[in-house]
Amino acid sequence: MQEVLGQRLGWVVRAVFDNPGVTVKVGDDPTATVRYAVIPALGNARFLLPLASARVTAASLLAYNALRPPKVRAGRAAVGVLARVGLLGLTNAPVLSVHADKAEDLLSGFLAAELGYDRLHAAIGIRPPDPHHKPTLQLFDDQGRPRGYAKIGWNDGTRAMVRAEAATLAALPAGGGFPPAPQLKLHTQWHGREIAVIEPMPRDVRRIRRPDSPRLDAMLAVARRGGPATPPVPVTGLIAGWRDRAKDADPRIHVFIDRLDTGLTLEFGDWHGDWVPWNMARHRGGLLVWDWENRAAGVPVGFDLAHQAFQTALSTHGKPAADCAEAVDGALAAYGPALGLDPARQRFVADAYLVELWLRTYELSGGGAGWNPKLHPALLDVLEARHG
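Residues numbered from 1 in each chain as written. Predicted model: local features only at pLDDT ≥ 70, side-chain atom pairs only at ≥ 80, totals over all residues. Heavy atoms only, no water.

Colleague: Any chance you could explain the overall build of the protein here in plain terms?
Modeller: Per the secondary structure count, the protein includes twelve helices and 15 strands. Compactness check: the protein gives a C-alpha radius of gyration of 22 Å against a globular reference of 21 Å for 388 residues, within 12% of the reference. A principal-axis box enclosing the C-alpha atoms of the protein has dimensions of 70 × 45 × 35 Å. In the protein, 69% of the contacts between residues at least 6 apart in sequence involve partners at least 24 apart. Total accessible area on the protein stands at roughly 16800 Å², and carbon and sulfur atoms take up 54% of it. (Helix = DSSP H or I, 4+ residues; strand = E, 2+ residues; numbered from the N terminus. Rg over C-alpha atoms; globule rule 2.2 N^0.38 Å. Contact = heavy atoms within 4.5 Å. Areas by Shrake-Rupley, 256 points an atom, 1.4 Å probe, with all protein chains shown as cover.)

The structure is reproduced here in structure tokens:
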């Protein structure tokens with residue numbers, strides 16, 4: 001089966017459907033418990049589209065389409081129209097047929113019972129195989145109404161991320177300019193997976209304008225948990241925490257940590273941990289922010305700004321790590337003063353963010369997630385170049 005599905009689709013099928021009592025076959029079998037159209041093809045899968053009914057299939061494509069880039073939005077809208085009028089067969093998409101001994105053997109059936117629905121239908125996005133990635137199921141009822149997003153932790157690293165997001169969502173503050181987030185509906189375990197179900201977003205959310213521009217007020221509200229600024233403190237606590245986390249790590253990281261032990265003072269606070277344009281939307285004049293699994297406390301104010309610059313360069317523009325680090329420098333030079341960062345502190349935050357990002361990558365590798373080849377050993381090389 002792996003040879004037929006290919007790596008891109010195969011890892012998601014294993015993470016979602018590998019369970020006693022469940023079999024997955026390529027080909028349209030009307031007797032299957034659930035059926036999925038593979039969009040656009042087996043070897044280049046991007047989406048598993050539930051074929052429960054024309055209404056559910058169309059909703060899977062059209063819900064929240066306004067959040068997507070124009071090219072993706074147009075493609076999904078075109079296929080959604082075909083699905084709505086019962087002409088999806090014109091796409092010639094292959095079909096996965098999934099047989100289950102009982103409904104609860106499928107994650108969608110288990111979640112329907114847990115959440116109090118007769119049935120739930122899962123639309124499943126397909127990302128490239130990566131031990132850091134978590135499959136996400138967008139859940140719909142029989143009428144095609146969104147009922148939530150289920151995130152699946154399937155190895156030690158991703159299970160820890162799902163647990164962290166569930167804990168964070170249960171404790172997010174309200175008010176003070178803190179951006180609202182979709183709330184947690186359910187946190188549970190299922191056949192060795194860690195599952196968090198997040199409530200659906202409001203129907204009228206829209207893609208943010210000027211995605212490369214940072215939302216500084218919201219960043220500060222997150223850093224300060226909706227409260228006032230806090231006095232600067234020495235970086236010694238941050239350094240001590242790094243040394244503890246890096247005990248058995250590559251010796252080079254200790255060199256860079258030591259060089260940042262300058263006694264500088266900075267304002268510290270929280271960070272979202274994955275502050276990027278694709279994790280936020282416009283809603284009624286404000287900002288809605290999701291994917292809080294990497295939230296942490298006790299970091300320099302400015303880490304979210306650095307992360308947006310680095311990840312936008314990396315993921316949107318395909319830049320190597322060295323160019324992404326330069327993007328961080330540019331963002332901090334342009335916007336750092338609004339966060340209370342003078343040039344010396346801008347440089348510290350940039351270097352500290354690169355150390356933190358490498359440590360996160362190192363910790364994920366130790367949790368069974370493997371190394372991200374875009375970040376290791378590239379980040380160590382970047383830090384070495386920056387420090388000579």
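Now, onward.
Colleague: Is there a simple way to explain the nonpolar core in this structure?
Modeller: One recurring pattern in soluble globular proteins is that nonpolar side chains are buried together. W242, I253, F310, Y353 and V355 are the most contacted members of the largest nonpolar core, which totals 66 residues. Ranked by residue count, the leading element in this core is helix α11 (residues 343–369), at eleven residues. Not counting the four nearest positions on each side in its chain, F310 is found in contact with A321, C324, A325, V328, Y353, L354, L357, L375 and L379. Ranked by size, the runner-up nonpolar core spans 36 residues in total, among them A45, L48, L107 and I124. (Core = buried A, V, L, I, M, F, W, Y, C linked by side-chain atoms within 4.5 Å. Buried < 20%, exposed > 50% of the residue type's maximum accessible area, 1.4 Å probe, protein only.)

Colleague: What is the right way to read helix α4 (residues 107–115) from this model?
Modeller: In an α-helix, one full turn covers 3.6 residues, which means residues spaced three or four apart are oriented alike. Within α4, seven of the nine residues are buried, leaving the element largely enclosed by the surrounding structure. Within α4 the residues assigned to the buried category are L107, S108, G109, F110, L111, A112 and L115. Two residues or fewer after α4 comes G116, characterised by a positive phi angle close to 85 degrees.

Colleague: Explain the environment of V299 to me, please; I cannot follow it from the model alone.
Modeller: Along the polypeptide, V299 turns up in strand β15 (residues 296–300). On the accessibility criterion, V299 (4% relative accessible area) is buried. Setting aside chain neighbours within four positions, we find V299 in contact with E267, F268, G269, D270 and W271.

Colleague: Hey, could you run me through the packing of aromatic side chains in this one?
Modeller: Aromatic rings in a pair are described by how distant their centres are and how their planes are angled relative to each other. Counting across every chain of the model gives twelve aromatic pairs. Centre to centre, the rings of W271 and Y353 are 6.3 Å apart; their planes meet at 85 degrees, and the pair counts as edge-to-face. Taken together, the residues span a long stretch of sequence, with W271 in strand β12 (residues 268–271) and Y353 in helix α11 at a distance of 82 residues. On the basis of relative accessibility, which here comes to 3%, the residue W271 falls in the buried class. On the basis of an interplanar angle of 35 degrees and a centroid distance of 5.7 Å, the ring pair of W358 and W371 is categorised as tilted. Taken together, the residues span a long stretch of sequence, with W358 in helix α11 and W371 in the loop between α11 and α12 (378–387) at a distance of 13 residues. Linked through ring pairs, W271, F303, F310 and Y353 together constitute an aromatic cluster. (Phe/Tyr/Trp six-rings, centres within 6.5 Å; stacked < 30°, edge-to-face > 60°.)

Colleague: Explain the packing of helix α9 (residues 303–316) against helix α10 (residues 321–335) to me, please; I cannot follow it from the model alone.
Modeller: To describe two helices that pack against each other, one gives the angle between their axes and the distance between the axes. Running from N to C, α9 and α10 point in directions that differ by 140 degrees, and their axes come no closer than 8 Å. Classified by the angle their axes make, α9 and α10 are oblique. In the crossing of α9 with α10, the sense of the turn from one axis to the other is right-handed. Contact residues: α9 offers L305, A306, A309, F310, A313 and L314, while α10 offers A321, C324, A325, A327, V328, A331, L332 and Y335. In terms of residue class, the contact of α9 with α10 is made up of 14 nonpolar, no polar and no charged. (Axes fitted to C-alpha atoms, helices over the stretch in contact; angles between N-to-C directions. Parallel < 35°, antiparallel > 145°, perpendicular 65-115°, else oblique. Left-handed = near helix turned anticlockwise from the far one by under 90°. Nonpolar A, V, L, I, M, F, W, Y, C, P; charged D, E, K, R; others polar.)

Colleague: Looking at this model, I keep getting lost on the side chain of N294. Mind explaining?
Modeller: Structurally, the position occupied by N294 is in the loop between β14 (286–289) and β15. Beyond its immediate chain neighbours, meaning those up to four positions away, N294 contacts M161, W271, H272, G273, D274 and R360.

Colleague: Explanation requested: the pattern of salt bridges in the structure shown.
Modeller: When their charged atoms lie close together, side chains carrying opposite charge are able to pair. Summed over the entire model, instances satisfying the criterion amount to 27 salt bridges. Where D291 meets K151, a salt bridge forms, and the shortest distance between an N and an O atom there is 2.3 Å. Taken together, the residues span a long stretch of sequence, with D291 in the loop between β14 and β15 and K151 in strand β7 (residues 146–153) at a distance of 140 residues. With a closest N to O distance of 2.9 Å, R224 and E267 form a salt bridge. (Salt bridge = Lys/Arg side-chain N within 4 Å of Asp/Glu carboxyl O.)

Colleague: Help me out: how do you make sense of the environment of P234 in this one?
Modeller: If you trace the backbone, P234 turns up in strand β10 (residues 233–234). Counting along the chain gives 161 residues from P234 to R73, while the straight-line C-alpha distance between them is 47 Å. When residues no more than four places from it in sequence are discounted, the contact partners of P234 are G263, L264, T265 and F268.

Colleague: Looking at this structure, how should I read the sheet that holds strand β2 (residues 34–39)?
Modeller: The strand order across the open sheet formed by nine strands is β1-β4-β2-β3-β5-β6-β7-β9-β8, and the pairing between neighbours is antiparallel. Edge positions in the sheet fall to β1 (22–26) and β8 (184–190), since each of these pairs with one other strand and no more. Direction aside, the axes of adjacent strands within the sheet are offset by 25 degrees on average. Alignment of strand β5 (residues 121–125) against strand β6 (residues 136–140), held across four bridges, turns out to be antiparallel. (Pairing = 2+ DSSP bridges.)

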